[in-house]
There are 2 protein chains.
Amino acid sequence: MTNVSRRGMLGFAGGGAALGAAGFAGGWGASHAAADEKPSPGERTYDFFGEHQAGIVTPAQDRLYFATFDVTATTRDELESLLRAWSLAAERMMRGETASDEATAYDAPPADTGEAEDLPPSGLTITFGFGPTLFRDEKGKDRFGLADKQPKELRELPHFPADKLDPRRSGGDIAVQACADDPQVAVHAIRNLSRIAFGLAAIRWAQLGFGRTSSTSTSQATPRNLFGFKDGTANIKAESRDVVDDHVWVGRGDDPKADWMTGGSYLVARRITMHLETWDRSSLREQEAIIGRDRPEGAPLSGGKEFDEPKFDVKGRGGEPLIAKNSHVFLAHPKNNGGAQMLRRGYNFTDGNDALGRLDAGLFFLAYVRRPSRQYIPMQMRMSREDALMEYLKHTGSGLFAVPPGVPKGGFVGQQLFTS
Amino acid sequence: MTNVSRRGMLGFAGGGAALGAAGFAGGWGASHAAADEKPSPGERTYDFFGEHQAGIVTPAQDRLYFATFDVTATTRDELESLLRAWSLAAERMMRGETASDEATAYDAPPADTGEAEDLPPSGLTITFGFGPTLFRDEKGKDRFGLADKQPKELRELPHFPADKLDPRRSGGDIAVQACADDPQVAVHAIRNLSRIAFGLAAIRWAQLGFGRTSSTSTSQATPRNLFGFKDGTANIKAESRDVVDDHVWVGRGDDPKADWMTGGSYLVARRITMHLETWDRSSLREQEAIIGRDRPEGAPLSGGKEFDEPKFDVKGRGGEPLIAKNSHVFLAHPKNNGGAQMLRRGYNFTDGNDALGRLDAGLFFLAYVRRPSRQYIPMQMRMSREDALMEYLKHTGSGLFAVPPGVPKGGFVGQQLFTS
Ligand code: HEM
Ligand code: HEM
């Protein structure tokens, strides 16, 4: 009953499949082979199997549900069986199927929780990453006999000036990023993975992201963050294969002891609360000066249009550079970071309000990089010290995860770690 | 700059306009008059002005952002000016415009926060309601000289057995329900209203709802709640005009002292946490018995299809009724409630997880009724005592609001209260 194909029920789709920007990198379900039938965007599917995990260079979907898990399993076999079970379910759900192919006995709990039953696949991707604590516990103990394969790049992030991290929104042994154009599909995915993990892993923290704040493909329009600015303009785009290879994917030989990471990436997650009320009371001039781009179009303050390169040497009246040295774009631009770039894939969030009636909202920053130590860490260190934007931000959650490469057909996520 | 029409920028829409079910009750923007141009669902708009407020019988949009405000204004004039300013902004935003028509000086804060700048109207509705505390404070003091017009139906809800209300998610002087097919549009609306209220009112609590759990129109498919069941099947549908008139709209003469409520309604808001993990471990048989409908189709357990009437006298083997007397549908059905019906308009929510790794998720129950004392209160009292579903629920937030009638062209919301 519950293993009925969700795809088979699409005629009743009602939860609101979201329309993305034009142009899809993903494949279409076989049911749409007929040339005269125009597929709805909700029908978009991405492959679970492949060279790299989906959900990284995949054009950023509209909605996110993200969770990290604490592994309670104690043996390597148990951990492996968790990853196998998760892979089976993730592969099915990305096809728009229920989480399990088990038939449900009437006197047993349903094999799928059901809330996505009538919804199309909605471009769901499920991306897994391993935290440093999966390899060694706080005391440095090798938990699963994997410690000698812990990547050198996978260390706890350093404390950055002005960090106000909430331990209940930080860390975790395994991170799971579920992105989809319908939030119910993303929530359903995490919930069913959590259910499958029963006895082996439990959710540590979870975050809903209601709107994407980046474009990761030239086919997508640039969305806006909660400061009202376009976000994702100068992001790495999937179409720039060379840039992706240089800055996103771990290369062979990057880390000889952790060769299993070849084709993988590192995911930095930062929950950044934005002081919206204070921001909203600053002038447009000040806001633009802080970002280094104009608000209407996202064009660099040095002139031109959205996608023109910022020119840091152009000066205005008084001889001051048009893009200030403490602006976000100045401090984040590759020219001022030894060429470092990152693939940003963040989401706007809101979790109600704080005791003072201020919205508890901000940017759930997600970025994929090849080498956190050269890309994210130095940039964040400098930003936390110098970026004029920091006055309006508070980093309240954090995590760093080693995202294994893609899964060979029929395999399971992270298998390279177990077999190498 | 910031008073640029959002509609004018639609070519760049990127945040993901959501596709609803087929059939719209709303109007289309004039820009779509051309017959050969097929409007995208994101273009849907609803009128702010009209006999009733929008957002009640409007086909339930996919996403919700809901907030209640504590009024800090101290005079009736200030309160009236807040409602005027809110009405101007709400009317604009529902048309897909920015919150304000003021031009932004470069050295002043932008008149709109900007994050919906490139997004289409997305079917936004903004619905206002007044809490009992707007009329009298805890000590019974008449706050704004309006106490003699407090409707008799607008009292604090009684304590229901098993209530575990969080005061930080309950009450409020004014409630604002923003529904849209794009959550960013709904969040933008509340944020800008909050900004406009600066010094006069502040957000008390806020709730994001990521997926609708009801259909309020026969044009919509029935969505599912987080227990995996179809929700909204037997809901009041906008097309049943007589039922709506009898059960939703306050009629002339209902409350002679509060005649200003004619054409309005009462909004019950309940944040209901659902124990998903426990539910997920119960058998399909048990789940269906608790609801009184089957899971795959939402058909009554007494037989037939989704939209067939439940038959409470049909018995199975052993002589037990097929729809149990402690099932949700039995206890909620009008036949067993003296004919009482309500217009449900709830949303699934998730706010991360609790300290034990369980998802903090559930149903943000919203219902519109003509007479809470005869429709909602007795039903909830009985459910809280007898409903088998209660074992899996915890009511964690609550509010009752008098939703004034619609706004005459050029007027402001609630004006009937001030002029009558
Ligand atoms: C809430 C916090 C943040 C906000 C509101 C924000 C906003 C923006 C905006 C508006 C842009 C310009 C448009 C674009 O190219 O995407 C931008 C660019 C960028 N941001 Fe952020 N950002 C935030 C945090 C961060 C963090 C934590 C990092 C990394 C440490 C980062 C790295 C970058 C990079 C690399 C660029 C592109 C710079 C360029 O190449 O021109 N941002 N950000
Ligand atoms: C998390 C809590 C709740 C869940 C999961 C839930 C679920 C459901 C489901 C699955 C149905 C059957 C399908 C339908 O007709 O919509 C239903 C019907 C209904 N529910 Fe609930 N419900 C909840 C809370 C409430 C509350 C608090 C009330 C009001 C006090 C309520 C009133 C109704 C009514 C009036 C019906 C229609 C009954 C009929 O006419 O057959 N529900 N609910």
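Quick caveat: nothing in here was measured; it's all calculated off a predicted structure.

> Can you walk me through the overall build of chain A in this structure?
In terms of helices and strands, chain A carries eight helices and 13 strands. What you see for chain A is a C-alpha radius of gyration of 22 Å, in line with the 22 Å of a compact globule of 420 residues. Dimensions of chain A, computed from C-alpha atoms along their principal axes, come out at roughly 75 × 55 × 45 Å. Counting every position in chain A, which comprises 420 residues, the buried fraction comes to 63%. A separation threshold of at least 6 residues defines the contact pool for chain A, and within that pool the share at least 24 residues apart is 75%. As displayed, chain A offers around 15500 Å² of accessible surface, 52% of which is attributable to carbon and sulfur atoms. Seen as two clouds, the 51 positive and the 55 negative side-chain charges of chain A have centres 5 Å apart.

> Just to check I follow, could you spell out the relation of the copies chain A and chain B for this structure?
What connects the two chain copies is a rotation about an axis and a shift along it. Of the transformation placing chain A onto chain B, the axial shift is 0.0 Å and the rotation is 180°, giving an RMSD of 0.0 Å. With respect to symmetry, the two chain copies, as superposed, fit the operation of a two-fold axis. The share of interface residues of chain A whose copies in chain B are also at the interface is 100%, consistent with both copies meeting through the same surface.

> Just checking my understanding: could you explain the layout of surface pockets for this structure?
Over the atoms rolls a probe the size of a water molecule, and its path tells where empty space is left. All names here are of chain A. Estimated volume of the second largest pocket: approximately 1000 Å³. What lines the second largest pocket is a set of 47 residues, among which Asp-231, Ala-234, His-328, Ala-332 and Arg-344 lie closest to the centre. Where the lining of the second largest pocket is concerned, the elements lending two or more residues are strand 9 (265–274), helix 6 (328–332), strand 12 (359–369), helix 7 (376–386) and strand 13 (393–403). In terms of residue count, the dominant contributor to the lining of the second largest pocket is helix 7 (four residues). Tallied by class, residues from the lining of the second largest pocket come to 24 nonpolar, 13 polar and 10 charged.

> So what exactly am I meant to see when it comes to the site of ligand 2 here?
All names here are of chain B. Neighbouring ligand 2 are 27 residues, the closest being Gly-232, Thr-233, Ala-234, His-328 and Arg-344. A distance of 2.5 Å separates an oxygen atom of ligand 2 from a polar atom in the backbone of Gly-232. Put simply, the parts of the chain that give the shell around ligand 2 at least two residues each are strand 9 (265–274), helix 6 (328–332), strand 12 (359–369) and helix 7 (376–386). With four residues, the single largest contributor to the shell around ligand 2 is helix 7.

> Just to check I follow, could you spell out the site of ligand 1 for this structure?
Residue and element names in this part refer to chain A. In the neighbourhood of ligand 1, 27 residues make up the surrounding shell, with Gly-232, Thr-233, Ala-234, His-328 and Arg-344 lying closest. Residue His-328 places a side-chain N or O atom 2.8 Å away from a nitrogen atom belonging to ligand 1. Between ligand 1 and Arg-344 there is a distance of 2.9 Å, counted from an oxygen atom to a side-chain nitrogen or oxygen. Structurally, ligand 1 is housed in the second largest pocket.

> It is not clear to me how the coordination of the iron atom of ligand 1 should be interpreted in this structure. Could you clarify?
When four donors bind a metal tetrahedrally, each ideal donor-metal-donor angle is 109.5 degrees, and when six bind octahedrally, the ideal angles are 90 or 180 degrees. Protein coordination of the iron atom of ligand 1 is limited to a single donor, His-328 of chain A (NE2), positioned at 2.0 Å. Position of His-328 of chain A relative to the elements: it lies in helix 6.

> When you look at the interface of chain A and chain B in this model, what are you seeing that I'm missing?
In many analyses, interface size is given as the accessible surface area lost on bringing the parts together. Taken together, the contacts link 69 residues of chain A with 70 residues of chain B. Put simply, chain A and chain B have six salt bridges between them. For Arg-224 of chain A, the salt bridge identified is with Asp-118 of chain B, shortest N-O distance 2.9 Å. Put simply, chain A and chain B have 30 residue pairs in polar contact (both at pLDDT 80 or more) between them. Breaking the side of chain A that touches chain B down by element, the ones donating at least two residues are strand 1 (17–19), strand 4 (63–71), helix 2 (183–196), strand 7 (201–209), strand 8 (211–212), helix 4 (276–280), helix 5 (284–291) and strand 11 (347–353) of chain A.

> Please explain the UniProt feature "domain: Dyp-type peroxidase N-terminal" (unreviewed entry) in chain A as it appears in this structure.
In the numbering used here, UniProt assigns the "domain: Dyp-type peroxidase N-terminal" (unreviewed entry) feature to residues 53–210 of chain A. Taken as a whole, residues 53–210 of chain A contains 21% helix and 20% strand, while its terminal C-alpha atoms sit 22 Å from one another.

> Looking at this structure, I do not really get the side chain of Ser-214 of chain A. What am I missing?
Residues and elements named next belong to chain A. Its location among the elements puts Ser-214 in the loop between strand 8 and helix 3 (241–247). Of note is the side chain of Ser-214, whose polar atom sits 3.1 Å from the backbone oxygen of Arg-344. Excluding residues within four positions of it along the chain, Ser-214 makes contact with Ala-60, Gln-220, Pro-223, Asp-231, Gly-232, Asn-235, Arg-344, Arg-345 and Gly-346.

> Is there a simple way to explain the packing of aromatic side chains in this structure?
Scanning the model with the defined rule gives 33 aromatic pairs over all chains in all. Judged by centre distance (5.4 Å) and plane angle (70°), the ring pair of Phe-48 of chain B and Phe-49 of chain B falls under edge-to-face. Taking the relative accessible area as the measure of exposure, Phe-49 of chain B reaches 21% and is therefore partly exposed. Among the aromatic residues, those joined into a cluster by ring pairs are Phe-66, Trp-205, Phe-364 and Phe-401 of chain A.

> How should I be thinking about the UniProt feature "domain: Dyp-type peroxidase C-terminal" (unreviewed entry) in chain A in this particular structure?
Those residues carrying the UniProt feature "domain: Dyp-type peroxidase C-terminal" (unreviewed entry) are residues 222–407 of chain A in this numbering. Annotated as residues 222–407 of chain A, this span is 19% helix and 22% strand, and its ends, taken at the C-alpha atoms, are 30 Å apart.

> It is not clear to me how the pairing of strand 9 of chain A should be interpreted in this structure. Could you clarify?
Every other side chain in a regular strand lies on the same face of the sheet, so the side chains alternate between the two faces. Residues and elements named next belong to chain A. Buried residues dominate strand 9, accounting for 10 of its 10 residues. Residues Ser-265, Leu-267, Ala-269, Arg-271 and Thr-273 point to one face of strand 9 and Tyr-266, Val-268, Arg-270, Ile-272 and Met-274 to the other, with burial holding for every one of them. Across 10 bridges, the pairing between strand 9 and strand 13 is antiparallel. Across the sheet, Ala-269 pairs through a bridge with Gly-399, a residue of strand 13.

> Help me understand the pairing of strand 9 of chain B in this model?
The pairing of strand 9 of chain B with strand 12 of chain B spans eight bridges and is classified as antiparallel. Looking across to strand 12 of chain B, one finds that Tyr-266 of chain B is bridged to Val-369 of chain B.

Cut-offs used in this document
Residues numbered from 1 in each chain as written. Chains lettered and ligands numbered in written order. Predicted model: local features only at pLDDT ≥ 70, side-chain atom pairs only at ≥ 80, totals over all residues. Heavy atoms only, no water. Helix = DSSP H or I, 4+ residues; strand = E, 2+ residues; numbered from the N terminus. Rg over C-alpha atoms; globule rule 2.2 N^0.38 Å. Buried < 20%, exposed > 50% of the residue type's maximum accessible area, 1.4 Å probe, protein only. Contact = heavy atoms within 4.5 Å. Areas by Shrake-Rupley, 256 points an atom, 1.4 Å probe, with all protein chains shown as cover. Lys, Arg positive; Asp, Glu negative; His and termini not counted. Charge placed at Lys NZ, Arg CZ, Asp CG, Glu CD. Least-squares fit on C-alpha atoms with pLDDT ≥ 70 in both. 1 Å grid on protein atoms, 1.4 Å probe; cavity = no way out; pocket = protein on both sides within 12 Å on 5 of 7 lines; lining within 4 Å. Points joined across faces, edges and corners; volume = space filled by probe spheres on them. Nonpolar A, V, L, I, M, F, W, Y, C, P; charged D, E, K, R; others polar. Near = heavy atom within 4 Å. Polar contact = N/O pair within 3.5 Å; in protein donor to acceptor, adjacent residues only side chain to side chain. Sits in = over half its atoms within 2 Å of the grid points. Donors = N, O, S within 2.8 Å, 3.2 Å for Na, K, Ca; no water. Salt bridge = Lys/Arg side-chain N within 4 Å of Asp/Glu carboxyl O. UniProt positions renumbered as here; feature names shortened; annotations may be inferred. Phe/Tyr/Trp six-rings, centres within 6.5 Å; stacked < 30°, edge-to-face > 60°. Pairing = 2+ DSSP bridges.

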